[in-house]
Amino acid sequence: MPSSTLRIAVDTGGTFTDIIASVPGAARPILTHKLLSTPDDPSRAVLEGIRHVIQHLAPDGAGPPAVVHGSTVATNALLEGKGGAAALITTAGFEDTLHIARQNRPDLYALHVQRPPVPIRRGHCLGLSERVLYDGEVLRPLVDDELEALPGRLRALGVEAVAVSLLHSYANPAHEQQLGALLAEALPDLHVTLSHDLLPEFREYERAATCAVNAVVAPRMGAYLEQLADAIGRDDLRIMGSGGGTMAVDVTRHHPVHTVLSGPAGGVVGALALARQMGFERIITFDMGGTSTDVALCDGALTLTTEGRVGPLPVRVPMIDIHTVGAGGGSIARVDEGGALRVGPESAGAWPGPACYGRSSENARATVTDAHVVLGHLRPERFLGGRMTLAQEAAHRVVGQVAEEAGLDLLTTARGVLQVAEVTMVRAVKVISVERGHDLRDFALFTFGGAGGLHACRLAALLGMDTVLVPRHPGLLSAVGMLFAPCVHNLSRSLMLTIPAEPDGYPAVDTHPQLAQAAQALEAQGRALLDEEQIPAERQHVDVTVAMRYAGQSYELEIPLGPDMAQRFEELHRRLYGTHNPGQALELVVVRARAVGEQLPPTLPPLEPDEERDLDEAMTTIAVGDARWGVIERDALGPDERQEGPLIITEFSSTTLVPEGWAVTLDPHGNMILRHGGAH
Amino acid sequence: MSAADPIELEIFRHLFASIAEEMGVRLMRSAYSPNIKERRDHSCVLVDANAEIIAQAAHIPVHLGSAPMSVQAALEAFPGDALSPNDVIVLNDPFAGGTHLPDITLVAPCFVADESTPRFFVANRAHHADVGGVTAGSMPISRSIHEEGVRITPRRLDEETIAWICEQSRTPEERRGDLNAQLAAIHLGVQRMRELCERYNPDVVSQRAAELQGYTERIMRHIIGQLADGVYRFEDVMDDDGTGLRDLTICCDLTVRGDTARVDLSRTADQSPGPVNAVRAIVVSAVNYAFRCLAPADLPSNGGVLRPIQVITRAGSLIDAQYPAAVAAGNVETSQRIVDVLFGALAQAAPDLIPAASCGSMNNITIGGLDSRRGGAPYAYYETIAGGAGASPEGPGADAVHTHMTNTLNTPVEALEHAYPFRVEAYRIRNSVGGAGRFRGGRGVERVYAFTEAAQVTLLTERRSHAPYGLNGGKDGTRGRNTLLSQGEERALPAKVTLEVEPGDTLTVETPGGGGWGSAPIEGDDHP
């Protein structure tokens, strides 16, 4: 077996580490494995899992596998405040950029104003007397005395990483470059983030914050990556980036901020790849977990944003536009002082979890999952493949308490809990679709994660969608996505060009020499980076977009490089905002390039029909109130078969509801396609 | 009306809120004025046929309570049967539904099915960068409304009106873009409300709206009921009115009885010659804000908030100014002092809850001139600068943050220097020592502007002579300071001033810090 054919994707989540391995052409082309995560040292579970699949797939000592890893180390370091000690270097007078932020408060009505924590403490923010102007002109050069003293000051602070973000460095990076060279020489072990290198774009707070996040997560991420690279081999390990592509170890060490959405990005990449195989280009991904729900829109391609956040901090590198709301299976239901039934954002979390897990005490509170148990949607005996039995009476007790407070009967209350949870999710989907000018009727809802299948059809109906897709391994989708993910480099360059409208009404954007020059330079840089990674030219492409706006606006729209950019900008502006302003000058703010090296897609095995199975035997029915459901194990469904709702389909890590009026079919790979109105 | 269904109540809370928010996003994304797009000085509301708010997306509290008055003014000018489905009413007249002239409000009726009168109204308000008047940015130290810019009494927004409004502005294209953005958001709101009525039937939607208002009212009554009954008096002063009149007193007599409150501000000083007058709408917003702060963070902000509260003002006073009073700064400065006196009174009713005074000023700066980099094109820059938050029983006050009636973002220095012909030389947290106490007040900001071309600067600031108060033994916060450095000479500037600056001049605005809370300082409770 040639060494390059074994590919392994490893996704480390809070509870489980998911592994999926692919050997194209082998008798068993896909192997999946799930083991408990080891939060104290995530690499333990990662390496153990890799060893396990190698033993099962390549026992004859084949060459090293190519590993793609989705890691939450960076995000966790940040959210748990366990990042490294870092410093920030700014232009003198702007040392407090991170602490002033945008000067607003997060909660309009808080009597006690609290601002989100800043990842670099104030005493670690150092100003240097230098000044570059908006057009790149140097008003004041760096001062020798300050440069000489800088390494000593940083050493005295005991920092492991430093972010350098000087005013207008995107227009002229000379001062940052000078500092980079100085620090590399004087403090070779220090991790240095230069803002023009990571994010050469205007808006000093957002740029500095992105660099600060990078610096803070770098020490821990670096150590973690070294540990894995030692065990796996530096060239055989790639890390899943938030933008939907994988990155080499050294690139990730340098700019770990690109991995803050590593796992969720894998899920969206996997969803789009599988949806395409099923014949769908436009999907809304719907990943409902215990405490939150992630949704993303793919309109034939991933939707990227440069307005992302991690917790309270802006992280302005391109990442998949994943919108998260605080409603999940563990969200707690209650009746508030005003008499409204509320669900979330409080959550029972993974531990003790919903009351039906039977792990909590007397004062357990009702969750969305408990409501499903009351309604019979979750089969107590089949939860996690029967490994865990759900405590039905506990679920009835806690939902019953809510019913009493609400003055409603038990089943109405349970249904109400689901309705309220779903209205939050409907809002989340609308934010990324309808509010951005998309018609949901053109999209299929692609659901994964533990709880998604319980809500998908109901949610689709509320949104006017008639198709729901459920992949074969809904609990492993992030890892599946990592097998498909291409190598990606994100590059950008600030332009700040104002182009007046020509007599025909449109500014001459397409032919602007500075744009063409910047685009070419970025494309060449992108190809060089892909060449370095030995991606053959036929699998390389560089997608260039231009962030533009009407001169005077503040939010840019991303327009792919090509003919008629000004016209396409106006069309998009009209679609998104319902208005446009013909004849106005356009401002080209940033040109961005996404250099992509495509992977050869893994071969997914067909679903083998089980000749022995007896559908009638596999199907049971239950009745709750006036609702009757058929219940069947997913494995009992064969390819190209059609089953009509109402039906509950159970499998190891999730349950799918097929309500009345919906029907399910399986594609040749075992992915489920659910249609409303009997459409086949 | 039957009792509200707990499930439907919650579902409609989300449905209404998402419409208002979607309107807000559309407005912000497509607007031109930095005040709207960068600083989010705008709001969108859904209003019922009685001009009571159903839901709103407001980023700054000063817009909160005043939307109903805009709708009322529009309805007075155009009674229900005079309106037709495609009408949009525009206004900014502080004496007819507005607050100050830069805030332009659009109100549109939402007709449902084939009904002959509007069932709902949709409105939005946005702070335009320049609406004419004697200084660029339309925030002058004025002596009457006529110096402050174009005054729009409620009228239909047609092409002619748009052209007329734009003509009055120093930056007409920007006005047109902003009005288009506001219109787009209005159309979206009307469309979404109609869709909601198609899906649920108009009577159900109206009933749910009423139930939500009732829900908020119940919670507010519960909260007021927990305050100790009594009469609480508090007063504080404005530094000056910008024309030489100093120490303008604002008085609050708060009566709490059961689950109702009566806020009487009628002992406040008379209307002044300068621009610090506020119209009654601003008082209503401030009362709405102060009481809303006592409620849970996610309480739906609708007409129910104010139902248990009676607001009394005296026509002709500083805070219920009558035509033709100058009002440019009432919205931004006087509004903050009204909140200070409301909280000063509330602190007596709920001493373990209420924070010391915050910065107490929006620290307004307007810079206008001709940009030589753009062939002498006129420009108008407006910004508010944050200060320190008051310490509270829960802990120290936050540094460098907008408090109370505003929450606008700063303009990024890099964006500002691209757009305007001056520089920011420093933007940092002040090293001030005020606001000591068991918990320390937050520190203000120092922002330094360096001019490379001649320009006209207007400062509308407060708390330069009277410091933000400490509470429960906490010390007063540090006062603010405005300083001009010109040809080597440093000059202290008044709190409110218009001046011509020359190339090479430097202007430093230092904003006030918050008051301290509690008398026993804790050892080592220093700022990090």
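Quantities reported herein were computed from a predicted structural model and do not represent experimental measurements.

Undergrad: Can you help me understand the sheet that holds strand β33 (residues 662-666) of chain A in this one?
TA: Backbone hydrogen bonds are what pair the strands of a sheet, in a parallel or an antiparallel way. Residue and element names in this part refer to chain A. Strand order in the open sheet formed by eight strands is β19-β14-β13-β22-β23-β34-β33-β30, with mixed pairing between adjacent strands. Strands at the two margins of the open sheet, each flanked by one partner only, are β19 (323-325) and β30 (642-644). Shown here is a sheet whose adjacent strand axes are inclined to one another by a mean of 20 degrees, direction ignored. Examined bridge by bridge, strand β23 (residues 467-470) and strand β34 (residues 672-676) share four bridges and lie antiparallel to one another. Bridging across to β34, V470 finds its partner in M672. Of the strands in this sheet, β13 (282-288), β14 (293-299) and β19 touch helix α12 (residues 410-432), which is tilted by about 30 degrees from β14.

Undergrad: What exactly am I supposed to notice about the nonpolar core here?
TA: A general tendency of soluble globular proteins is for nonpolar side chains to be buried together. If you look at the biggest cluster of nonpolar residues, it comprises 347 residues, and the most contacted ones within it are V162 and A212 of chain A together with F16, L46 and L342 of chain B. Here this core takes 15 residues from helix α7 (residues 204-232) of chain A, the largest share from any one element. Not counting residues up to four positions away in its chain, the partners in contact with A212 of chain A are A86, L88, L98, P119, I120 and A163 of chain A. A518, V544, V546 and L588 of chain A belong to the second-largest nonpolar core, a separate cluster that totals 32 residues.

Undergrad: When you look at the domain arrangement of chain A in this model, what are you seeing that I'm missing?
TA: Accessible area lost when the parts come together is the quantity often used to give the size of an interface. You can read the domains of chain A as domain 1 (1-64), domain 2 (79-222) and domain 3 (487-597). Relative to domain 3 of chain A, the C-alpha centre of domain 1 of chain A lies at a distance of 40 Å.

Undergrad: How should I be thinking about the sheet that holds strand β15 (residues 455-460) of chain B in this particular structure?
TA: Residues and elements named next belong to chain B. Here we have four strands laid out as an open sheet, ordered β12-β11-β15-β18, and antiparallel in their pairing. Strands with a single pairing partner mark the edges of an open sheet, and in this sheet they are β12 (377-384) and β18 (496-501). When strand polarity is set aside, the average angle formed by the axes of neighbouring strands in this sheet is 15 degrees. Bridge analysis of β15 against β18 gives six bridges, and the strand direction is antiparallel. Bridge pairing links V457 to L499 in β18.

Undergrad: Teacher, can you tell me more about the environment of T665 of chain A here?
TA: Residue and element names in this part refer to chain A. Within the secondary structure, T665 is located in strand β33. The class for T665 is partly exposed, based on 16 C-beta atoms found within 10 Å. Ignoring any residue separated from it by four or fewer positions in sequence, one finds T665 in contact with D640, E641, R642 and I673.

Conventions adopted
- Residues numbered from 1 in each chain as written.
- Chains lettered and ligands numbered in written order.
- Predicted model: local features only at pLDDT ≥ 70, side-chain atom pairs only at ≥ 80, totals over all residues.
- Pairing = 2+ DSSP bridges.
- Helix = DSSP H or I, 4+ residues; strand = E, 2+ residues; numbered from the N terminus.
- Axes fitted to C-alpha atoms, helices over the stretch in contact; angles between N-to-C directions.
- Contact = placed C-beta atoms within 7 Å.
- Core = buried A, V, L, I, M, F, W, Y, C linked by C-beta atoms within 7 Å.
- Buried ≥ 20, exposed ≤ 12 C-beta atoms within 10 Å, placed from the backbone.
- Domains from an automatic or database assignment.

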